[in-house]
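Observations on the model geometry
The chain contents come next:
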Amino acid sequence: MSAPVTVVAHPNIALVKYWGKRDAALNLPAAGSLSVTLGPMHTRTTVSFGHAGDDRFVLNDVVATGREAAKLTAFVERIRAHLPGLGALHMTSTNDFPTAAGLASSSSGFAALALATSQAAALPLTPSELSELARLGSGSAARSIFGGLVRMDPGQLADGSDAVASPVDVPVDQLRVLVAVTVRGAKEVASTDGMNHTMETSPFYRAWIDTVAPAIDEAIAALRADDWDKLSMVCEASALQMHASAIAAVPGVLYWRGATVELIHAVRRQRAAGMPVFLTIDAGPHVKVFTRASHENAVAAWLRDVPGVLEVLHAAPAPGAVVVP
Ligand code: PMV
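The residue count restarts for each chain, going from 1 along the sequence in the order it is written. Where totals are concerned, whole chains, interfaces and linings use all residues; where local detail is concerned, this predicted model gives features only for residues with pLDDT of at least 70, and gives and counts side-chain atom pairs only at 80 or more. With hydrogens and water set aside, each side-chain value is computed from the structure's full complement of heavy atoms.

Here's the deal with the site of the ligand
We define proximity as follows: a residue is near a molecule or strand when any one of its heavy atoms falls within 4 Å of that partner. With respect to spatial proximity, 14 residues lie near the ligand, and among them Tyr18, Gly139, Ser140, Arg143 and Ser191 are the closest. In the analysis that follows, any N or O atom pair within 3.5 Å is treated as a polar contact, provided that within protein one partner can donate a hydrogen and the other can accept it, and provided that, for residues neighboring in sequence, both atoms belong to side chains. A distance of 3.3 Å separates an oxygen atom of the ligand from a polar atom in the side chain of Asp282. About the coverage of the ligand: the protein hides 92% of its 380 Å² of free accessible area. Under this grouping Gly is polar, as are all residues other than the nonpolar Ala, Val, Leu, Ile, Met, Phe, Trp, Tyr, Cys and Pro and the charged Asp, Glu, Lys and Arg. Taken together, the residues of the shell around the ligand break down into six nonpolar, five polar and three charged. Note on areas: these come from Shrake-Rupley sampling with a 1.4 Å probe, and a residue is covered only by the protein chains present in the view.

What follows is the structure in structure tokens.
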């Protein structure tokens, strides 16, 4: 058995969203995206190779089966393709936040697995190659290899070697994210299914994709200039345009609940009252509210009072995936 390797990785949240693939098998995004890696929430994953029998994946104390296990084994096959003879993998992985509920657990999960498996297999990969490997598990995971502000490039090559993330040298340490949790339990439509269905049936899909590249440039410029109003406008629009394209699919993909809509109105009211806040929503019903560090507690206090909010999680920019003792 290879020595066990443990990795900690953080999820990330997109300021400019990824929603649509140019290649399903290689998980190549149809457009870029821009994200912030967030802690303290994290995934901790330990792996070792050289076991007899089949791969074994334990996620939050439950052995993975079915589609989940098949996806994980397909991922590990990419490592074994480089180094046959590694044997079966044993993995244990825990998230200290809800899994598959639109809180980006796949981003930290596959970033952690990419780094852990490559280290356990003694496969030397550059950060860019690690990002490419993580992307094969989940598009957003390519971004969680890096900390802080991260840009995903859609690339152009058919093999996907240029569809990787890279860090953007703009400080984001004063950003805070408050996650307003609205529903307990896993989401109903996995992001891959939701985006494929949007691509196939939404008349707004092309229009959505065309918004992405300019939004990334505008958001980076706004962060660099510390222009909060511009940042709010660009990023909130990206989230709503992504959801508009999904809602326009046939039948529509709707991740929102009543509390999600209440939160959209509440954020608008707070912004009109002068609070530095804007929102984003991923493939789930929760609303993530960006604010400045100076306003974190005030924003959290009023979010807790919005009807339907079960819990408010605090998050701040975090580093990329790392091997830990
Ligand atoms: O890569 P996935 O399957 O986790 O898809 C991520 C999709 C969104 O979270 C909705 C947007 C994003 O860019 O993170």
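Quick word on the pairing of strand β14 (residues 287–292)
Accessibility here uses a 1.4 Å probe with only protein chains present; expressed as a share of the type maximum, an area under 20% marks a residue as buried, one over 50% as exposed, and anything in between as partly exposed. Secondary structure elements follow DSSP: runs of H or I of four or more residues count as helices, runs of E of two or more count as strands, with numbering from the N terminus. Burial runs high along β14: five of the six residues are buried. Bridge count between strand β12 (residues 175–181) and β14: six bridges; the pairing is antiparallel. From the neighbouring strand, Arg176 faces β14, where its bridge partner is Thr291. The pairing of strand β13 (residues 277–280) with β14 spans four bridges and is antiparallel. Bridging across to β14, Phe278 finds its partner in Phe290. Here β13 folds back onto β14, and the loop between the two strands holds six residues. For two strands to pair, DSSP has to find at least two bridges joining them.

What to know about helix α1 (residues 66–82)
Compared with the 24 Å implied by 1.5 Å per residue over 17 residues, the 25 Å span of α1 between its first and last C-alpha is a close match. Among the residues of α1, those classed as buried are Ala69, Leu72, Phe75, Val76, Ile79 and Arg80. Of the surrounding secondary structure, the elements contacted by the buried residues of α1 are β6 (43–51), β7 (56–59), β9 (88–95), α2 (105–120) and α3 (127–137). To estimate how far a helix should extend, the number of its residues minus one is multiplied by 1.5 Å. The criterion used for residue contact is that any of the two residues' heavy atoms lie within 4.5 Å.

Side note on α2
Here α2 is 16 residues long and its end C-alpha atoms lie 22 Å apart, about the 22 Å a rise of 1.5 Å per residue gives. Counting buried residues along α2, 14 of its 16 residues qualify, which places the element largely inside the surrounding structure. Residue Ala122 follows α2 closely and has a positive phi angle near 55°.

A look at the packing of α2 against α3
At a minimum axis distance of 8 Å, the contact between α2 and α3 shows a crossing angle of 125°. Viewed along their axes, α2 and α3 adopt a mutual orientation that is oblique. Here the hand of the crossing between α2 and α3 comes out right-handed. For the pair α2 and α3, the contacting residues are Phe110, Ala111, Ala114, Leu115 and Ser118 in the first and Leu130, Leu133, Ala134 and Gly137 in the second. Considered class by class, the residues forming the contact of α2 with α3 number seven nonpolar, two polar and no charged. Throughout, an axis means a line fitted to C-alpha atoms (over the contacting stretch in the case of helices), and angles, computed between N-to-C directions, take values from 0 to 180 degrees. Working definition: roughly parallel below 35 degrees, roughly antiparallel above 145 degrees, roughly perpendicular at 65 to 115 degrees, and oblique for all remaining angles. Two helices that cross are described as forming a left-handed crossing if the nearer one is turned anticlockwise from the farther one by less than a right angle, and a right-handed crossing if clockwise.

Looking at the side chain of Asp282
Looking at where Asp282 falls in the secondary structure, it is placed in the loop between β13 and β14. Engagement of the side chain of Asp282 in a polar contact is seen with the side chain of Lys17, the distance being 2.6 Å. Side chain to side chain, Asp282 and Lys288 meet in a polar contact 2.8 Å long.

What about the pattern of salt bridges?
Salt bridges, as used here, are contacts in which a Lys or Arg side-chain nitrogen is within 4 Å of a carboxyl oxygen on Asp or Glu. Tallied over the entire structure, the rule returns 15 salt bridges. We note a salt bridge from Glu311 to Arg184, for which the minimum N-O separation is 3.0 Å. With Glu311 in strand β15 (residues 311–317) and Arg184 in the loop between β12 and α5 (191–201), this residue pair connects regions lying 127 residues apart in the sequence. Its salt-bridge partner being Arg268, residue Glu236 comes within 4.0 Å of it at the nearest N-O pair. Highlighted residues: Glu236 in helix α7 (residues 228–247) and Arg268 in helix α8 (residues 258–272), separated in sequence by 32 residues. Residues participating in the shared-partner salt-bridge network are Lys17, Asp282 and Lys288.

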